[in-house]
Amino acid sequence: MLRFLFRRILGSLVILVLLTVVAFLLFFGMPRDPALLMCGKTCTPDALANIHQTLGLDKSIPEQFWIFLQGLVMGRDTFPQGPCPAPCFGYSYHTNEAVWSTLIDRLPLTLSLAFGATILFLLVGLGTGLLAAWKRGTLIDKSFTAGSMVISSMQIYFLGPLALALLVYQAHLFDEPKYTSITDNPAAWFTGLLIPWAVLSTIFAAQYTRMARSAMIEQLQEEHVRTARAKGMSGRYVFFRYAWRGSLIPIITILGIDLSSLLGGAIITEYTFGLPGLGRLAVDSVQFSDLPLLLGVMLFSAAVILLCNIVVDACYALIDPRVRLS
């Protein structure tokens, strides 16, 4: 198990280093001068030369990349705003705030949004999928299958405004979504993110309904399940003791892939409901051409996705021991 996790962590580190190289070349290796974005509209040649010298932009691309890597590991003290402790992504061109501190401030909202949506779509999707497989061929099965196909065709930018119009502005069942730290007020944290959770999880829940149903039906046809039935075990015991565990393997595998999609959906959800998370931060960094902030969001999100995939792989290995030998 430890060797399996070590290989996954090592592979993720290699991927992260390659992403860092590609992202740096994409943002700082292009013909446009990044110093012009930082200098502002009233830029003078002397100020532009000073920025080049201060940030090391007058050096070659390999030297700049090495300085950037050193900043990530040891920090940098060459910025006009002051020292930048590790991991140093620089300072935002728009707000003059450290990129790392900005990412840490926005992270709790995005994690809360992704965590709540994941729990919700797993409970709803797996629950309805299991019930559809248990009642295979009945009206319940057909209703859940048809409903999941209709809902999965919808998009967040359609469901979000619709939920606001119906549940907030017309029915007045909920207040407008807002983020409150769970440590300050757990009740306000829950109620403020309930509608974004529901919208973000709806499409995923519909997909997992069909996936869980198909996986359960396939597992019920396996030889070990039929053998358990032949020994006289009850259908409910066989369903949950034998078939259920086997159906989790493909679901957990797809969950690792969907985590990246979930973060992508969080960008649209945060922008739709006006929530100041990492997704909204990414959109703002594009609008203001804030290269350090955009680079920081990209690499930070990639690191979070790789970490989530390692956790999912660990759960996969616990369920199926054959994975540890592959």
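The text that follows walks through the structure, step by step, so that each part is easy to find.

## Here we look at the overall build of the chain
Here's step 1: Scanning the chain from N- to C-terminus turns up 12 helices and 0 strands.
Here's step 2: Sequence-ordered secondary structure for the chain, helices as α and strands as β, is α-α-α-α-α-α-α-α-α-α-α-α.
Here's step 3: Each principal axis of the C-alpha distribution contributes one length, and for the chain these read about 85 × 55 × 35 Å.
Here's step 4: Taken over 326 residues, the chain has a buried fraction of 42%.
Here's step 5: At a minimum sequence separation of 6, the contacts of the chain that also span at least 24 residues come to 66%.

## A short note on the packing of aromatic side chains
Here's step 1: Applying the stated rule across the entire model yields 9 aromatic pairs.
Here's step 2: Where Phe-190 meets Trp-197, the ring centres are 5.6 Å apart and the plane angle is 65 degrees; that geometry is what we call edge-to-face.
Here's step 3: Three or more aromatic residues joined by ring pairs form one cluster here, namely Phe-24, Phe-65, Phe-68, Phe-89, Trp-100 and Phe-300.

## Regarding the nonpolar core
Here's step 1: If you look at the biggest cluster of nonpolar residues, it comprises 28 residues, and the most contacted ones within it are Phe-121, Ile-195, Val-199, Leu-200, Tyr-208, Leu-262 and Phe-273.
Here's step 2: Of all elements in the fold, only helix H5 (99-134), helix H7 (156-170), helix H8 (186-220) and helix H10 (235-273) reach the threshold of two or more residues within this core.
Here's step 3: A per-element tally of this core places H8 first, with 11 residues.
Here's step 4: With near-sequence residues (within four places) excluded, Val-199 lies in contact with Ile-156, Leu-159, Gly-160, Ala-163 and Phe-273.

## Description of the environment of Asp-77
Here's step 1: With respect to the helices and strands, the residue Asp-77 is situated in the loop between helix H4 (61-74) and H5.
Here's step 2: Separated by 46 residues in sequence, Asp-77 and Leu-123 place their C-alpha atoms 48 Å apart.

## Quick look at the packing of H5 against helix H6 (residues 139-152)
In a pair of packed helices, the angle between the axes and the distance between the axes together describe the arrangement.
Here's step 1: Here H5 crosses H6 at 140 degrees, and the two axes come no closer than 8 Å. It follows from the interaxial angle that H5 and H6 lie oblique. The two elements H5 and H6 meet at a crossing, and its hand is left-handed. Between H5, through Thr-128, Leu-131 and Ala-132, and H6, the contact on the second element is made entirely by Ile-140, Asp-141 and Phe-144.
Here's step 2: Classifying every residue of the contact of H5 with H6 by side-chain character gives 4 nonpolar, 1 polar and 1 charged.

## Brief notes about the packing of H5 against H8
Here's step 1: Remark: H5 packs on H8, axes separated minimally by 5 Å, with the N-to-C direction vectors making an angle of 35 degrees. When you trace H5 past H8, the crossing you get is right-handed.
Here's step 2: Split into classes, the residues belonging to the contact of H5 with H8 amount to 22 nonpolar, 7 polar and 1 charged.

## Here we look at the pattern of salt bridges
Here's step 1: Counted under the stated rule, the structure contains 2 salt bridges.
Here's step 2: The shortest N-O distance in the salt bridge between Asp-141 and Arg-213 comes to 2.6 Å. With a gap of 72 residues between them, Asp-141 in helix H6 and Arg-213 in helix H8 connect regions that are remote in the sequence.
Here's step 3: Judged by relative accessible area, which is 3%, Asp-141 ranks as buried.

## Re unusual backbone geometry
Here's step 1: In this chain, Ala-86 is followed by Pro-87 through a cis amide linkage whose omega measures -5 degrees.
Here's step 2: Along the polypeptide, Pro-87 turns up in the loop between H4 and H5.
Here's step 3: With a phi close to 60 degrees, Asn-96 is a non-glycine residue in the positive phi region.
Here's step 4: The residue Asn-96 is located in the loop between H4 and H5 in this model.
Here's step 5: Judged by its relative accessible area of 46%, Asn-96 is partly exposed.

## Some remarks on the state of the cysteines
Here's step 1: One pass over the structure, following the stated rule, counts 1 disulfide.
Here's step 2: Here Cys-84 connects covalently by a disulfide to Cys-88, the sulfurs 2.2 Å from one another. Between Cys-84 and Cys-88 the sulfur-sulfur dihedral comes to about 115 degrees; the bridge is accordingly right-handed. Grouping residues by exposure puts Cys-84 and Cys-88 together as buried.

Quick notes on the rules
Once a new chain begins, its residue numbering starts again from 1 and follows that chain's sequence as written. In keeping with the predicted nature of the model, local features appear solely for residues at pLDDT of at least 70, side-chain atom pairs appear and are counted solely at 80 or more, and the whole-chain, interface and lining totals rest on all residues. Based on all heavy atoms of the structure, the side-chain values leave hydrogens and waters out of the count. Helix numbers and strand numbers start at the N terminus; a helix is a DSSP run of H or I with at least 4 residues, a strand a run of E with at least 2. The cut-offs for exposure are 20% and 50% of the maximum accessible area for each residue type, with area from a 1.4 Å probe on protein chains only; residues under the lower value are buried, those over the upper are exposed, and the others partly exposed. In what follows, residue pairs with any heavy atoms lying within 4.5 Å of each other are defined as contacts. The pairing test for Phe, Tyr and Trp rings, Trp by its six-membered ring, is centres within 6.5 Å, and the orientation test on the planes gives stacked under 30 degrees, edge-to-face over 60, and tilted for anything in between. Definition of nonpolar core: a set of buried residues of the types Ala, Val, Leu, Ile, Met, Phe, Trp, Tyr and Cys, connected through side-chain atoms within 4.5 Å. Orientation is described by axes fitted as lines to C-alpha atoms, over the contacting stretch for helices, and by angles from 0 to 180 degrees between their N-to-C directions. For classification purposes, an angle smaller than 35 degrees is called roughly parallel, one larger than 145 roughly antiparallel, one from 65 to 115 roughly perpendicular, and anything else oblique. Handedness of a helix crossing follows the sense of rotation of the near helix relative to the far helix, less than a right angle counterclockwise being left-handed and clockwise being right-handed. In this classification, Asp, Glu, Lys and Arg are treated as charged, Ala, Val, Leu, Ile, Met, Phe, Trp, Tyr, Cys and Pro as nonpolar, and every other residue, Gly included, as polar. We define a salt bridge as a side-chain nitrogen of Lys or Arg found within 4 Å of a carboxyl oxygen belonging to Asp or Glu. Cysteine sulfurs are considered disulfide-paired once they come within 2.5 Å of each other.

By themselves these figures say nothing about function.
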